[in-house]
Amino acid sequence: QNRTMVMIDDLRFDNRFTKSLPADSDIGTERRQVEQACYSRVKPAVVTEPRLIAHSAEMFELLGLESAEIDRPGFVEVLAGNRLLAGMDPHAACYGGHQFGNWAGQLGDGRAIGLGEVVDINGRHRMLQLKGAGPTPYSRTADGLAVLRSSIREFLCSEAMHHLGVPTTRALSLVTTGEEVVRDMLYNGNPQLEPGAIVCRVAPSFIRFGNFEIFASRGDHQTLQCLADFVIATEFPHIEDPSPNRYVALLKEVGERTADMVVEWLRVGFVHGVMNTDNMSILGLTIDYGPYGWLDDYDPNWTPNTTDAQHRRYRYGHQANIAQWNLVQLANALYPLVEEVEPLQDAIHHYADRFQAKWSQMMASKLGISSLNDPGDRSLADEALSVMQVVETDMTRFWRKLGGVDCSASLGAAERTEPLLGSIYERESATRPQISAFVDFAQRWAARHRELGTNDLERQMSMDAVNPKYVLRNYMAQLAIERAEQDDASMIEELLDLVRRPYDEQPERNQFASLRPEWARTKVGCSQLSCSS
């Protein structure tokens, strides 16, 4: 950890991805099918007037970057893609994917350009990637650019998820380009000019399930094996089996990480919105923040994605099943390297077992108990989830308030339940049976803690550590976007600071922990979003 902080020009690149894997022989951004190659070399488009409007201090530190760098004129040129550093090897990756359950063929990095891999202060490789940096061979009919609103959402959410303890790609910086981009935000035939922006994303690797699928779909088993062996060598080096079983071991590990990630999503009320196989990281990181959303009221059937509004394939409560479906597609892609169905099926079952075990553990911790092994505790967990659906209830507030409920026998039922009722939307119109569902739950939960002899203060501390007070609610990001579009980036900074400590009380910021404002219920950007970005 004692490495001296460096200027951006002194960053050390070690590009394992482009060094180890086959490259596209063609150069240039002309749209094409790229065969037998894992990536195409391509340079970011030059932008006219780049301005740094936000950055992550934590990521600066992790990469060993001097904090004073942000004031140097040449610095923003690098983060906008205008200036390439020595050692960078800019490229766009080739992958395919299943989108909404259908095979979509070649997709690839249509507007993301990897700059190269930096070695961070802990000796780990980190790929720097610019999202919105211009066209690549994979852009299809699009322009390869990104707009400010989606870039703010990606920047803030990457960092918010990290601080919540959810595995995620990170964001280093948010730069406006000084150029306008045309987007039809609601897909309703009203395209408009919006400010352009670029996010610098950071992850040990951006390889997705779809990177394997594309080669399997083409019968290109040589490139498929090359990629699988590279992933094992760089990201799962402890898999030392020389036989084809190593690909089964790889699937099993990817499944474990995926299960762990989805459990964390469910814990904090996050809905990804587009769980296509090209948006699934082999490292079990949350990747591609498009039309994501946070549950305000607890509704397992909610999806933030307008494109998915009819079938709700990617709804909150379905995410674990979709992750399994996606892992089956990855298993199918790895099959040519294994040529046996059973071990791959076992790895998929392992995912399901892992998810169940982790989910139970997570629910127990939210309730302040050690496990759900006792059938009574399991039904307590079920009751918590059903009581939030009896009447429109704010999920984040419900869990956070539960931590503060007094379990002592001397307390009256109404008094005990009072804090929980503060999580109900339109409380004044709640019926008597609805209120009594809350009372029954609070009474049963408190009785269980008395039975366990729990220390109230210790229990509250342990619950507060897993039940955040603050999440990046959709309306908060929307307010920051509207201000930034008027040239005021101050709310991005404020929210970035808020989400750094989501489990702390931060009393001066209580307004961000209150119920979603009524105006946000139907406002575009606060309830549902399109994929347009």
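Our subject is the structure listed above.
First, a word on scope: everything that follows refers to the structure included in this document.

Definitions and cut-offs
Residues numbered from 1 in each chain as written. Predicted model: local features only at pLDDT ≥ 70, side-chain atom pairs only at ≥ 80, totals over all residues. Heavy atoms only, no water. Helix = DSSP H or I, 4+ residues; strand = E, 2+ residues; numbered from the N terminus. Rg over C-alpha atoms; globule rule 2.2 N^0.38 Å. Buried < 20%, exposed > 50% of the residue type's maximum accessible area, 1.4 Å probe, protein only. Contact = heavy atoms within 4.5 Å. 1 Å grid on protein atoms, 1.4 Å probe; cavity = no way out; pocket = protein on both sides within 12 Å on 5 of 7 lines; lining within 4 Å. Points joined across faces, edges and corners; volume = space filled by probe spheres on them. Nonpolar A, V, L, I, M, F, W, Y, C, P; charged D, E, K, R; others polar. Arc of directions from axis to C-beta. Pairing = 2+ DSSP bridges. Salt bridge = Lys/Arg side-chain N within 4 Å of Asp/Glu carboxyl O. Phe/Tyr/Trp six-rings, centres within 6.5 Å; stacked < 30°, edge-to-face > 60°. Polar contact = N/O pair within 3.5 Å; in protein donor to acceptor, adjacent residues only side chain to side chain. Axes fitted to C-alpha atoms, helices over the stretch in contact; angles between N-to-C directions. Parallel < 35°, antiparallel > 145°, perpendicular 65-115°, else oblique. Left-handed = near helix turned anticlockwise from the far one by under 90°.

### A short note on the overall build of the protein chain
Within the protein chain one finds 16 helices and eleven strands. Taken over the C-alpha trace, the protein chain has a radius of gyration of 24 Å; the compact-globule value for 533 residues is 24 Å, and the two agree within 12%. Each principal axis of the C-alpha distribution contributes one length, and for the protein chain these read about 75 × 60 × 55 Å. When the 533 residues of the protein chain are sorted by exposure, 57% land in the buried category.

### Overview of unusual backbone geometry
With a phi angle near 50°, arginine 140 is a residue other than glycine that sits in the positive phi range. One can find arginine 140 in the loop between strand E7 (125–131) and helix H4 (148–164). In this structure, aspartate 487 takes a positive phi of about 70° despite not being glycine. Aspartate 487 gets classed as exposed once you look at its relative accessible area, which sits at 64%.

### Quick word on the environment of arginine 140
Between the alpha carbons of arginine 140 and serine 56 there is a distance of 32 Å; along the sequence they are 84 residues apart. Setting aside chain neighbours within four positions, we find arginine 140 in contact with Arg31, Gln106 and Leu107.

### A word on empty space enclosed by the protein
Summed over all chains, the structure comprises five cavities of 30 Å³ or more. Considered as a void within the structure, the largest cavity measures approximately 190 Å³ in volume. If you go around the largest cavity, you meet 19 residues; those closest to its centre are Phe17, Met127, Ser205, Phe206 and Ile207. Looking at the lining of the largest cavity, the elements with two or more residues in it are helix H1 (16–20), strand E3 (91–93), strand E6 (112–119), E7 and helix H6 (221–235). The element best represented in the lining of the largest cavity is H6, accounting for three residues. When the residues that make up the lining of the largest cavity are grouped by side-chain class, the tally is eight nonpolar, six polar and five charged.

### Details of helix H16 (residues 490–499)
If you check which residues of H16 are buried, you get Met491, Ile492, Leu495, Leu496, Leu498 and Val499. One side of H16 holds all its buried residues, which, seen down the axis, span an arc of 160°. Those residues of H16 that are buried are in contact with strand E2 (51–55), H4, strand E8 (170–183) and helix H15 (474–484).

### What about the pairing of E7?
E7 sits mainly inside the fold: seven of its seven residues count as buried. In E7, alternate side chains face the same way, and those of His125, Met127, Gln129 and Lys131 on one face and Arg126, Leu128 and Leu130 on the other are all buried. Pairing analysis gives seven bridges linking E6 to E7, with the strands arranged antiparallel. Each bridged residue has a counterpart across the sheet, and for glycine 114 the counterpart in E7 is glutamine 129. A loop of five residues connects E6 with E7, the two strands running antiparallel in sequence, and glycine 123 in this loop sits at a positive phi of about 85°.

### Section: the pattern of salt bridges
Oppositely charged side chains may form a pair once their charged atoms are brought near each other. All chains considered together, the criterion is met by 45 salt bridges. Among the salt bridges present, the one from arginine 124 reaches glutamate 235, with a minimum N-O distance of 3.3 Å. Taken together, the positions of arginine 124 in the loop between E6 and E7 and glutamate 235 in helix H6 put the pair 111 residues apart, joining distant regions of the chain. Linking aspartate 260 and arginine 354 is a salt bridge whose minimum nitrogen-to-oxygen distance equals 2.7 Å. Taken together, the residues aspartate 260 in helix H7 (residues 245–268) and arginine 354 in helix H9 (residues 341–367) connect sequence positions 94 residues apart.

### Observations regarding the packing of aromatic side chains
Counting across every chain of the model gives 15 aromatic pairs. When the ring of phenylalanine 60 is compared with that of phenylalanine 75, the centres are 5.6 Å apart and the planes differ by 50°; the resulting orientation is tilted. Linking phenylalanine 60 in helix H2 (residues 57–63) with phenylalanine 75 in helix H3 (residues 73–79), this pair joins segments that are 15 residues apart in sequence. Classification of phenylalanine 60 as buried rests on a relative accessible area of 3%.

### Quick word on the side chain of threonine 18
In this structure, threonine 18 sits in helix H1. At 2.9 Å, the side chain of threonine 18 forms a polar contact with the side chain of aspartate 89. Aside from chain neighbours lying at most four places away, what touches threonine 18 is Tyr39, Arg41, Asp89 and His91.

### A closer look at the packing of H7 against helix H8 (residues 319–338)
Packing of H7 against H8 leaves a shortest axis separation of 10 Å and a crossing angle of 165°. Our classification of the angle between H7 and H8 gives roughly antiparallel. By crossing handedness, the relation of H7 to H8 is classed as right-handed. Where H7 approaches H8, its residues Tyr247, Val248, Leu251, Val254, Gly255, Thr258, Val262, Trp265 and Leu266 are matched on the opposing element by Gln319, Ala320, Ala323, Leu327, Leu330, Ala331, Leu334, Leu337 and Val338. Tallied by class, residues from the contact of H7 with H8 come to 15 nonpolar, three polar and no charged.

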